[in-house]
Amino acid sequence: MRPRAPAAIVLAAALACNQGLEPAPVPTSCPAGFVGVCGTVTFRGTEPDSTDGVFIVGYPTFPQSRNDLLAFTPFPPPSSLQRPFTGAQFYTLRIPNGRYEWVVAVWKKTGTFAPNFSNADSLLKEAGFYRDHADTTTHGSGVVVVNSTGTDAIDFVIDFDEMHAISYYFPAPSQP
Amino acid sequence: MKFLGLVGSLIWCQGLAPLAAQEIAVLYGSVRDSSGQPLRAVVSVAGGTQRSAADAQGRYLLRLPPGRQIVRVAHIGFASIIDTVPLAAGDSIARDYTLAAAAVELQPTVVTAAKRSQLLDQAVTSVAVVSDTELARRAVNTVDEAVDKAPGVQFLNGQVNIRGSTGYVQGLGSRVLLLVDGVPANQGDRGGINWDLVPLEEVQRVEVAKGAGSSLYGSSAFGGVVNVITRDIAAGWHARLRASGGAYANPPYEVWRFRDYTGGREGLDVSGSYGTNFVRGSLTAGGWHSDGYREQDRQNHWQAAAKGVWLPRPATRITASGSWASDQYEVPLVWCTRGACDDRGLTYQPFKIATQDTGTFTRSDKGYLTALVERTSSDHLAWQARGSWLRTRFTDLRQGADDFGLANRLGAELRAVSRPTAGRIVTVGAELARSDVRTNIFTGDTSSTDTVVRTHTQAEFAAYGESEQLVGRARITGGARVDYIAVDGGGLSAVVSPRLGGVLTTSRGAWRASLGRGFRAPSLAERFVSTTVPPFRVIPNPNLRPETAWSGELGNATRLASGLHADAAVFWTEAYDLIEPSVNGSAIQFRNVTRARLAGLDVALTAQRLIARLTTSLAYTFLYARALASDSAPGGPLAFRPKHLLTLSADYQWHAASVGGDFRYASRLERVELYPSDDRVAEKVLDLRAGVEQGPLSVRCRLANALNYIYNQVPRTLAPVRTLSVTLTWTY
């Protein structure tokens with residue numbers, strides 16, 4: 001082996017492998033290799049001043065009680081949708097393969113959760129969800145299936161004037 | 001040829017007449033290296049007693065009996081020359097020799113693996129040594145930057161992993177024990193490691209003992225021990241000045257640009273020492289400023305260290321040392337994702353932070369004091385006693401609420417090393433430690449952390465013993481340590497950590513094998529942390545148990561050829577009750593949850609001057625790290641452990657100049673926590689370096705991450721970008 005060979009090997013190996021992170025533009029359709037759901041959300045209404053963020057999550061099954069409200073995916077939730085919350089915006093939600101009965105946008109008010117989310121009623125509201133066009137049920141019947149690829153066109157409306165607190169779906173237990 | 005003339009005159013005037021009378025011949029000349037520099041070599045007669053040490057100009061003169069003489073010319077660091085010289089009675093012959101540089105195959109000694117000095121190839125576990133030469137050659141600025149390249153070692157955002165021991169838990173609890181001159185220095189509250197506790201200028205070498213070391217060191221030595229050994233103080237006056245400056249590369253894409261200037265880093269360290277045969281002392285002070293390579297990443301660092309040695313009797317040594325460091329630094333937290341800052345239409349901005357994290361800042365102070373008495377009472381017994389005090393304080397300033405912690409760790413140890421009979425070495429000792437923390441975040445309070453301030457304590461009592469017996473060509477080692485731990489004055493919990501090992505020297509190198517137990521007591525932070533990490537509440541768990549492991553390895557160190565060394569080891573660790581953060585509803589709590597297996601292979605090859613002036617090394621670690629659903633059922637991969645870790649190094653020395661580089665590859669992490677769906681890539685980093693030494697001055701340049709490879713090791717935390725640094729050192 002000639003004297004410069006080892007150094008040359010090191011350099012060549014390094015150069016050959018230089019593919020680090022690169023700018024990733026906000027997609028307008030499901031990216032190649034992506035696994036999850038994508039779509040466009042359209043904002044309506046007036047954004048409350050106390051808005052902390054708007055998050056999209058998926059529930060494999062529609063929650064049957066308050067205790068099921070934490071059974072969403074991904075956990076912890078991804079970052080908020082991008083401000084400003086006006087017009088329309090494309091979103092991507094990385095979630096594992098499976099069947100999701102409820103893809104929902106959650107509005108969060110500024111504030112910190114108390115232990116066991118006991119103050120979730122005052123901090124979280126459902127702000128919109130994916131539904132089939134003909135669907136008229138309370139929570140929608142827009143089932144989304146993810147199968148090793150990006151499921152596109154999961155479009156829905158986020159209406160700040162029509163948000164629903166948790167108690168809308170699951171009334172708080174009556175106090176003794 | 002003036003020299004020959006001079007020598008000839010000398011011989012003529014003073015020597016020839018007696019020579020003739022006594023029938024004696026003279027051999028004279030010079031010894032130089034290949035660049036012409038004189039060498040103080042030793043010229044000796046094979047099988048005889050005659051020898052001459054060359055002077056500062058490389059000149060030698062030997063008076064020999066006539067006849068054919070076989071002469072050996074030797075100098076450390078150079079290949080010896082054997083020469084046959086015919087000498088006639090009364091004659092004088094000139095011989096000039098040029099020695100070629102050669103690998104110095106001295107067997108290094110280590111002090112960490114057995115809590116006493118021993119030859120490296122007699123250690124029952126793998127030990128990697130980072131010498132001060134390597135520290136200087138790499139022109140690093142902190143100790144962790146140099147240790148990072150040791151075989152089997154990887155840093156994840158400042159957290160050290162030895163063979164995948166720790167993973168990444170944001171500094172809350174390290175499964176590696178840090179020692180400074182043998183004194184435990186993990187933080188009293190969080191159990192983590194401050195790598196800037198000791199100024200780099202003070203570091204003589206770093207030893208990394210791999211595998212469980214709890215049989216001698218107790219808690220935290222779960223996955224290994226890193227021992228930072230400070231410089232000895234030489235006699236006379238000495239001084240050193242180290243100035244460094246550098247710049248961080250700007251983001252490689254304009255759309256990632258976050259500032260309109262190039263970030264820089266500059267520092268200055270000054271040290272001085274004076275020593276006699278009885279007392280010695282040194283003082284180091286310095287600091288540095290960094291703009292950081294990303295948004296909200298500026299840091300100021302100030303440090304001072306002192307050491308005093310008193311040698312009242314030849315076999316007694318009393319050392320007092322201390323260090324203090326203060327940091328004020330911005331905390332970049334996680335990088336900005338879509339919508340959390342001005343994202344410029346990108347899904348994430350790796351150089352920027354979320355707007356809501358703006359202003360996060362930490363002030364951190366830490367220091368230690370140590371006093372050590374060492375005495376060699378006889379050829380059979382040596383003992384030492386030490387006391388130590390480690391103090392850390394941090395204040396996290398962030399939006400909404402500030403956190404603080406003030407922790408102390410007081411320690412004492414009494415150790416004796418005895419050689420009762422030939423071939424037997426016995427080490428025994430006892431150790432005490434008391435940690436306390438006063439804090440508003442590690443309170444153990446279950447309601448709120450904003451106003452509650454509490455103090456917690458942890459006491460540790462331990463006794464240990466280990467014996468080594470030479471049996472033929474084998475050294476058999478056995479020992480154990482028992483640790484008692486009490487938290488807040490509560491009941492004691494006991495952990496016994498045995499270890500068995502052996503080293504067999506054969507024609508195929510030294511074989512080593514060991515099996516030992518490691519453990520780590522939960523840190524006070526893990527037990528009592530009580531805070532909010534939106535949207536979660538982190539709640540305390542005072543009932544955490546120590547995590548334990550059985551760790552074994554089988555290794556071989558051998559010389560494949562002159563200058564070519566190989567060291568290989570297979571290792572296996574069965575871990576129980578690993579403490580991990582566990583999410584339950586809106587709460588995060590540290591729990592003893594994980595049963596895990598870490599197994600793999602370490603290989604290190606070092607070639608010194610097989611090719612003239614070139615030193616190369618290769619280190620590779622294969623790691624199989626799996627969480628287990630039960631003892632027999634495999635689970636998923638452990639988070640933050642790369643399967644492949646490869647380091648290639650090459651250094652070329654030409655006269656006073658040198659160039660070199662390291663290439664590090666760590667495979668893409670199979671599993672990460674918090675943001676598992678984020679993009680992540682393998683680590684492929686090339687560091688280049690060059691240096692020149694001329695007398696007391698040296699200039700070294702380092703281009704870290706030369707290709708400006710953009711990557712992250714832990715979620716949403718950008719790893720360092722290309723950084724150019726120039727270090728000027730003056731030594732007196």
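None of these values were measured; they are calculated from a predicted model.

**Focus: the overall build of chain A**
Alright, step 1. Across its full length, chain A holds three helices and 10 strands.
Alright, step 2. In sequence order, the secondary structure elements of chain A are arranged as α-β-β-β-β-β-α-β-β-β-β-β-α.
Alright, step 3. Out of the 176 residues in chain A, the part that is buried amounts to 43%.
Alright, step 4. Restricting the contact set of chain A to residue pairs at least 6 apart, pairs at least 24 apart contribute 78%.

**Considerations on the sheet that holds strand 11 (residues 127-131) of chain B**
All names here are of chain B.
Alright, step 1. The strand order across the open sheet formed by five strands is 11-16-17-14-15, and the pairing between neighbours is mixed. Edge positions in the sheet fall to strand 11 and strand 15 (183-184), since each of these pairs with one other strand and no more.
Alright, step 2. Bridge analysis of strand 14 (residues 176-180) against strand 17 (residues 224-230) gives five bridges, and the strand direction is parallel. Looking across to strand 17, one finds that Leu-178 is bridged to Val-226.

**As for empty space enclosed by the protein**
All names here are of chain B.
Alright, step 1. Inspection of every chain in the model, using the stated rule, returns 16 cavities of 30 Å³ or more.
Alright, step 2. The calculated volume of the largest cavity comes to roughly 310 Å³.
Alright, step 3. Forming the boundary of the largest cavity are 28 residues, of which Ser-219, Ser-220, Arg-409, Gln-458 and Glu-460 lie nearest the centre.
Alright, step 4. When residues of the lining of the largest cavity are traced back to their parent elements, those giving at least two are strand 28 (424-439), strand 29 (454-471) and strand 30 (474-487).
Alright, step 5. Here the lining of the largest cavity gets four residues from one element, more than from any other, and that element is strand 28.

**A closer look at the pattern of salt bridges**
Residue and element names in this part refer to chain B.
Alright, step 1. If you walk through the whole model with that rule in mind, you get 53 salt bridges over all chains.
Alright, step 2. Residues Arg-138 and Asp-662 are paired through a salt bridge, measuring 2.8 Å at the closest nitrogen-oxygen approach. Taken together, the positions of Arg-138 in helix 2 (residues 132-138) and Asp-662 in strand 41 (residues 657-666) put the pair 524 residues apart, joining distant regions of the chain.
Alright, step 3. For Glu-574, the salt bridge is made with Arg-595, and the minimal N-O distance between the two is 2.7 Å. Of this pair, Glu-574 sits in strand 36 (residues 564-584) while Arg-595 sits in strand 37 (residues 587-611); the two residues are 21 residues apart in sequence, bridging distant segments of the chain. As far as the burial class goes, Glu-574 and Arg-595 line up, both buried.
Alright, step 4. Within this structure, Lys-115, Arg-386, Glu-413, Arg-415, Glu-431, Arg-481 and Asp-483 form a network of salt bridges that share partners.

**Thoughts on the environment of Ser551(B)**
All names here are of chain B.
Alright, step 1. With respect to the helices, strands and loops of the structure, Ser-551 is situated in strand 35 (residues 547-561).
Alright, step 2. The class for Ser-551 is buried, based on a relative accessible area of 11%.
Alright, step 3. Along the chain, Ser-551 and Gly-223 lie 328 residues apart, while their C-alpha atoms are 8.3 Å from each other.
Alright, step 4. Contacts of Ser-551, omitting those with residues within four sequence positions, involve Gly-211, Ala-212, Ser-514, Leu-515, Gly-516, Trp-572 and Thr-573.

**So, the packing of aromatic side chains**
Residue and element names in this part refer to chain A.
Alright, step 1. Counted under the stated rule, the structure contains 24 aromatic pairs over all chains.
Alright, step 2. Measuring from ring centre to ring centre gives 5.6 Å for Tyr-59 and Trp-102, while their planes differ by 40°; the resulting arrangement is tilted. Taken as a pair, Tyr-59 in strand 2 (residues 51-59) and Trp-102 in strand 5 (residues 102-109) lie far apart in primary sequence, 43 residues in all. Residue Tyr-59 shares its accessibility class with Trp-102, and that shared class is buried.
Alright, step 3. Each member of the aromatic cluster is reached from another via a ring pair, and the members are Tyr-59, Phe-62, Phe-72, Trp-102, Phe-129, Tyr-168, Tyr-169 and Phe-170.

**A short note on unusual backbone geometry**
Alright, step 1. The omega torsion of the bond from Thr73(A) to Pro74(A) falls at -5°, within 30 degrees of zero and hence cis.
Alright, step 2. The residue Pro74(A) is located in the loop between strand 2 and strand 3 (88-94) in this model.
Alright, step 3. Its identity is not glycine, yet Asp488(B) carries a phi of approximately 50°, on the positive side.
Alright, step 4. Position of Asp488(B) relative to the elements: it lies in the loop between strand 30 and strand 31 (493-506).
Alright, step 5. Among the residues examined, Asp488(B) registers a relative accessible area of 38% and is labelled partly exposed.

**Quick look at the confidence of the model for chain A**
Alright, step 1. Looking at chain A as a whole, the pLDDT averages 81, with 80% of positions reaching at least 70.
Alright, step 2. Confidence, read as mean pLDDT per element, is least for helix 1 (residues 5-16) of chain A in chain A (57) and greatest for strand 1 (residues 36-44) of chain A (93).

**So, the nonpolar core**
Across soluble globular proteins, nonpolar side chains show a tendency to be buried alongside one another.
Alright, step 1. Counting 28 residues, the largest nonpolar core has Val143(B), Val153(B), Trp195(B), Val206(B), Val208(B) and Val226(B) as its most contacted members.
Alright, step 2. Secondary-structure elements contributing two or more residues to this core are strand 11, helix 3 (143-147), strand 12 (153-156), strand 13 (159-162), strand 14, strand 16 (203-210) and strand 17 of chain B.
Alright, step 3. Among residues more than four places away in sequence, those in contact with Val226(B) are Ile162(B), Val176(B), Leu177(B), Leu178(B), Leu179(B), Trp195(B), Val206(B), Glu207(B) and Val208(B).
Alright, step 4. Residues Val41(A), Ile56(A), Tyr130(A) and Met163(A) belong to the second largest nonpolar core, which totals 23 residues.

**So, the sheet that holds strand 10 (residues 164-165) of chain A**
Residue and element names in this part refer to chain A.
Alright, step 1. With antiparallel pairing, four strands are arranged side by side in an open sheet as 2-5-6-10. In the strand order of this sheet, the two ends are held by strand 2 and strand 10, each with one partner.
Alright, step 2. Across two bridges, the pairing between strand 6 (residues 124-129) and strand 10 is antiparallel. From the neighbouring strand, Glu-126 faces strand 10, where its bridge partner is His-164.

**Digging into the state of the cysteines**
All names here are of chain A.
Alright, step 1. According to the stated counting rule, one finds two disulfides over all chains in the structure shown.
Alright, step 2. Between the sulfur atoms of Cys-30 and its disulfide mate Cys-38 the distance is 2.0 Å. The sign of the 115° torsion about the S-S bond sets the Cys-30-Cys-38 disulfide as right-handed.
Alright, step 3. Its relative accessible area of 0% is what places Cys-38 among the buried residues.

**Observations regarding the pairing of strand 2 (residues 42-45) of chain B**
Alright, step 1. In this structure, strand 2 of chain B lies alongside strand 3 (residues 51-53) of chain B, joined through three bridges in antiparallel fashion. Each residue of the ladder has a partner; that of Val42(B), found in strand 3 of chain B, is Ala53(B).

**Structural notes on the side chain of Arg527(B)**
Residues and elements named next belong to chain B.
Alright, step 1. Of note, Arg-527 is situated in helix 5 (residues 524-528).
Alright, step 2. The buried charged residue Arg-527 lacks any salt bridge, with Glu-526 as its nearest oppositely charged partner at 7.6 Å.
Alright, step 3. Of note is the side chain of Arg-527, whose polar atom sits 3.2 Å from the backbone oxygen of Pro-542.
Alright, step 4. A polar contact of 3.2 Å, which involves the side chain of Arg-527, links it to the backbone oxygen of Leu-544.
Alright, step 5. Look past the residues within four positions of Arg-527 in its chain and what remains in contact with it is Gln-458, Val-487, Pro-522, Pro-540, Asn-541, Pro-542 and Leu-544.

**Focus: the environment of Phe590(B)**
Alright, step 1. One can find Phe590(B) in strand 37.
Alright, step 2. A relative accessible area of 7% means that Phe590(B) is categorised as buried.

**Section: a nonpolar patch on the surface**
Residues and elements named next belong to chain B.
Alright, step 1. A contiguous nonpolar patch, built from Trp-237, Leu-241, Leu-268, Val-270, Tyr-274, Leu-697, Val-699, Leu-724, Val-726, Leu-728, Trp-730 and Tyr-732 and spanning about 1100 Å² of accessible area, is present on the exposed surface.
Alright, step 2. Those elements that provide at least two residues to the nonpolar patch are strand 18 (236-248), strand 19 (264-275), strand 43 (697-704) and strand 46 (723-731).
Alright, step 3. Looking at which element gives the most residues to the nonpolar patch, the answer is strand 46, with four residues.
Alright, step 4. Relative to the helices and strands, Val-270 is located in strand 19.

**A look at the environment of Ala575(B)**
Alright, step 1. Tracing the backbone shows Ala575(B) in strand 36.
Alright, step 2. Residue classification places Ala575(B) among the buried residues on the basis of a relative accessible area of 0%.

Conventions and cut-offs
Residues numbered from 1 in each chain as written. Chains lettered and ligands numbered in written order. Predicted model: local features only at pLDDT ≥ 70, side-chain atom pairs only at ≥ 80, totals over all residues. Heavy atoms only, no water. Helix = DSSP H or I, 4+ residues; strand = E, 2+ residues; numbered from the N terminus. Buried < 20%, exposed > 50% of the residue type's maximum accessible area, 1.4 Å probe, protein only. Contact = heavy atoms within 4.5 Å. Pairing = 2+ DSSP bridges. 1 Å grid on protein atoms, 1.4 Å probe; cavity = no way out; pocket = protein on both sides within 12 Å on 5 of 7 lines; lining within 4 Å. Points joined across faces, edges and corners; volume = space filled by probe spheres on them. Salt bridge = Lys/Arg side-chain N within 4 Å of Asp/Glu carboxyl O. Phe/Tyr/Trp six-rings, centres within 6.5 Å; stacked < 30°, edge-to-face > 60°. pLDDT = per-residue confidence, 0-100. Core = buried A, V, L, I, M, F, W, Y, C linked by side-chain atoms within 4.5 Å. Disulfide = S-S within 2.5 Å. Lys, Arg positive; Asp, Glu negative; His and termini not counted. Polar contact = N/O pair within 3.5 Å; in protein donor to acceptor, adjacent residues only side chain to side chain. Patch = residues over 30% accessible without salt bridge, like charges linked within 9 Å, V, L, I, M, F, W, Y side chains within 5 Å. Areas by Shrake-Rupley, 256 points an atom, 1.4 Å probe, with all protein chains shown as cover.

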